[in-house]
Amino acid sequence: MVTDNKPSLVALNVDGVEYQVSAGANLVDALASIGKEVPHYCYHPKLTVAGNCRMCLVELGSPLRDRATNELVMENGKPKIGWQPKPAIACATNVSPGLHVRLDSPTVKACREGVTEMLLLNHPLDCPICDQAGECKLQEFSAEYGRGYSRYVDEKNAKPKHTKLGPRVTLDDERCILCSRCVRFCNEVAKDPVLGFVNRGSYNTLTCFPGRELTNNYSLNTVDICPVGALTSTDFRFKMRVWFLKQTSSICTESSTGVNTTVWSREGKIYRITPRRNDAVNDTWMSDSGREILREVDAAHRITAPQVRGAAADLESALTTAGEILRAGAVGVVGSGHQTIEEQRLLTHFAQATQAKAYVPARAGSADGLLISEDRTPNFRGALLAGLTNRAADRDLSALKADIDAGRVRTLLVCREDVTTLGLDATTLAKVRMVYLGLHNDATAKAAEVVLPALSVFERSGHFVNCQFRVQSFVRAIPGPIGTLPDVAILARLLGSVTGQPAAFDADSLWKDLAAKQPALADLSPSKVPSEGVIVDGSAWANLSFPEGKLLKFAPATKA
Amino acid sequence: MAVKVLERRPLSFWERTYLPQVLGGLRVTWRNILRPSVTLQYPEQRPTIPKGYRGVPTLVRDPNGREKCVSCQLCEFICPPKAIRITPGEIPATAETAHVEKAPKEFEINMLRCIYCGLCQEVCPEEAIWLQNQYSMTGTTRAEMVNNKARLYELGGTLPDSHFKWDHKKAESERQAGGHH
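1. Points about the overall build of chain B
Along the backbone of chain B there are six helices and five strands. Counted from the first residue to the last, chain B has its helices and strands arranged as α-α-β-α-β-β-α-β-β-α-α. The globule rule puts the C-alpha radius of gyration for 181 residues at 16 Å, and the 29 Å found for chain B is more than 25% above it. Once the C-alpha set of chain B is aligned to its principal axes, its extents read approximately 105 × 50 × 40 Å. Contacts in chain B between residues at least 24 apart in sequence constitute 72% of all its contacts with a sequence separation of at least 6.

So this is what it looks like as structure tokens:
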């Protein structure tokens, strides 16, 4: 494996044309990097090589050398190529200098046709009811490299059609092509080796070990990597064909890992969330619990309309009332690691305009060492960069409680945090007039004088900064509830009502402001954040104690 | 531009009386009065529909009463005016056709949008949607013009099946039940 940043390039000859690819790279990946597709099922770039599907068979050769002199053997002025007598699998081949590959020869075509025919022998071909149709490798490669008709006259094997492997995964054994990706994933990544094959020949069947279930929090990744429709998500099964779904790049809000995700939605309804490959953050994985966050959108306790003193109100009058409350002075501000960096920047301006002290509470949870970190907010680092706070996340709000009890804080603006779980009880909250910009109808919403509906991560756009100080963008996938505004617009209105000046809340001016204030974000703007995110300098906060431990792609800085 | 002036021939005496034209028209009238009638007293009388006529799209059952649609949504995808809307559903494990696994929970065809192109019938892998000989759809509200699943099966009825592929599949899996044969 090449570990330095700039891998050295070597010549690779594909069907007579010379290309430059990274030395030592897997041949499937190397060919993909120059736009050549090698069909494969069992190979996965993030798992070990099994080499059992045989779909990636290619012809390999290298320049011949004279045994006595070690000189290149020339033929017609060119080095003579010694072709291996039999095809070899590309996935188990690493690129070596001068490697010659044939992807287009009759042998390779015959290999692919043969493998496809064998795979389709017992495949039920029930594409009309199979959820994988449209994103099925077997469907794609059969159309592209298959024979197009079947010579098989016998009855197909009948295998179990709906085996519940675990609470979230259902297996259709007839569709399985025995690539063993799921088995390797459970062994190597999830470290929960529960899957295996039983029986032999055409009775070879994927199953769970007796008495075990596929219950780990990464089980749905097996569904994602399954090249066919064998492993299906019990939740998404038979819900919607994938070709109707719009894909939107998003970021998982489960923890400060900042897992890259794709949100699949149709007409304002989210059907599923899948991981998006980012080799520096989450490889190609995400947790099952992170996929459940889509329930937040339609949750029964979701705040969908503004409220003033417990009664439903329109947004305009709620914002006016909130402005009146916040103009009264003696303000305290509670921000959140669930806010985007743009929202946190506006909240910082608000806190400065009202001379309020801002708190960003900690939301701690247990980590799993893979993709879920101890900090269960996606954007605490954003609060540091935006200037909302300059200390580690507040474990509770006892300082704010003391200020309220002493009468120093009489008005409160709370964003996205249920402060009743952070040490502010009902008697304390009764002493303040509170404006709550929140997602859930929780105890804080009940105690608040004005409740403004916040939008979920799927309904707004913005940037989160993960535990690596990596700025990552996410895009709105679905519209918010009717009559709501994005959080930045609401915060800009609240800021405008205390300063008397309308505040800009478009991404460009917010990022100009951020870049001007924060040296780490200088020269950065939304259009300059690539899809894999960009790491910014977080050394200014190196002395803060962050809760995160070691993760899949993150190691906490060792204190000098 | 050159203009060519045509001289209009003056009408003769007989032509000025208009009688030749009147008599010519009456000749056509009398000829048709004596011929058999070709018009239909619609709606009491209905035309015979030729084979392969593309009328209102309907859903059909197979001769055993199984609903053929498996809600693959290909018709919804191909439909040019986006008239079809399917809500997929799972067949409960206790049902007789549980081995088919999938059936539409709801199936709506908006006949205000449908252009009777027949692509849905052509694309259907299960031969479940057919444009049959129903040609007259009327309604007084927009909602009335949307055919729901129950109405589509009522319009479609049962069509003969030459495959019985799902029955065959079920029989085969029952034959192989219990492992190796």
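2. Side note on the interface of chain B and chain A
Reports often express the size of an interface as the amount of accessible area lost when the parts come together. Residue-level contacts link 15 residues of chain B with ten residues of chain A. Elements with a contribution of two residues or more to the side of chain B that touches chain A: β2 (84–90) and α6 (165–175) of chain B. In terms of residues, the side of chain B that touches chain A owes the most to one element, β2(B), which gives three residues. For the side of chain B that touches chain A, the class distribution of residues is five nonpolar, five polar and five charged.

3. What to know about the pairing of strand β3 (residues 102–110) of chain B
Residues and elements named next belong to chain B. Looking at chain direction, β2 and β3 are connected through seven bridges and run antiparallel. If you follow glutamate 90 over to β3, its bridge partner there is lysine 102. Note: β3 against strand β5 (residues 146–147), two bridges, orientation antiparallel. Counted as the bridge partner of isoleucine 109 is asparagine 147 from β5.

4. Some thoughts on the sheet that holds strand β15 (residues 260–266) of chain A
All names here are of chain A. With antiparallel pairing, the three strands of this open sheet are ordered in space as β14-β15-β16. Looking at which strands have only one partner, the edges of the open sheet turn out to be β14 (246–251) and β16 (269–275). Sheet twist, expressed as the mean angle between neighbouring strand axes with direction ignored, is 30°. The pairing of β14 with β15 spans six bridges and is antiparallel. Bridging from a neighbouring strand, glutamine 247 pairs with tryptophan 264 of β15.

5. Let's talk about the pairing of strand β25 (residues 470–474) of chain A
Moving residue by residue along a regular strand, the side chains alternate between the two faces of the sheet. All names here are of chain A. With five of five residues buried, β25 lies mostly within the body of the structure. The alternating pattern of β25 places Arg470, Gln472 and Phe474 on one face and Val471 and Ser473 on the opposite face, and all of these are buried. By the bridge criterion, four bridges tie strand β24 (residues 462–465) to β25 in an arrangement that is antiparallel. Looking at the pairing, valine 465 lines up with valine 471 of β25. In this antiparallel pair of consecutive strands, β24 and β25, the connection spans four residues, and phenylalanine 469 shows a positive phi of 60°. Relative to strand β26 (residues 534–535), β25 is paired through two bridges, and the arrangement is antiparallel. Paired with valine 471 across the bridge in β26 is valine 534.

About the thresholds
- Residues numbered from 1 in each chain as written.
- Chains lettered and ligands numbered in written order.
- Predicted model: local features only at pLDDT ≥ 70, side-chain atom pairs only at ≥ 80, totals over all residues.
- Helix = DSSP H or I, 4+ residues; strand = E, 2+ residues; numbered from the N terminus.
- Rg over C-alpha atoms; globule rule 2.2 N^0.38 Å.
- Contact = placed C-beta atoms within 7 Å.
- Nonpolar A, V, L, I, M, F, W, Y, C, P; charged D, E, K, R; others polar.
- Pairing = 2+ DSSP bridges.
- Axes fitted to C-alpha atoms, helices over the stretch in contact; angles between N-to-C directions.
- Buried ≥ 20, exposed ≤ 12 C-beta atoms within 10 Å, placed from the backbone.

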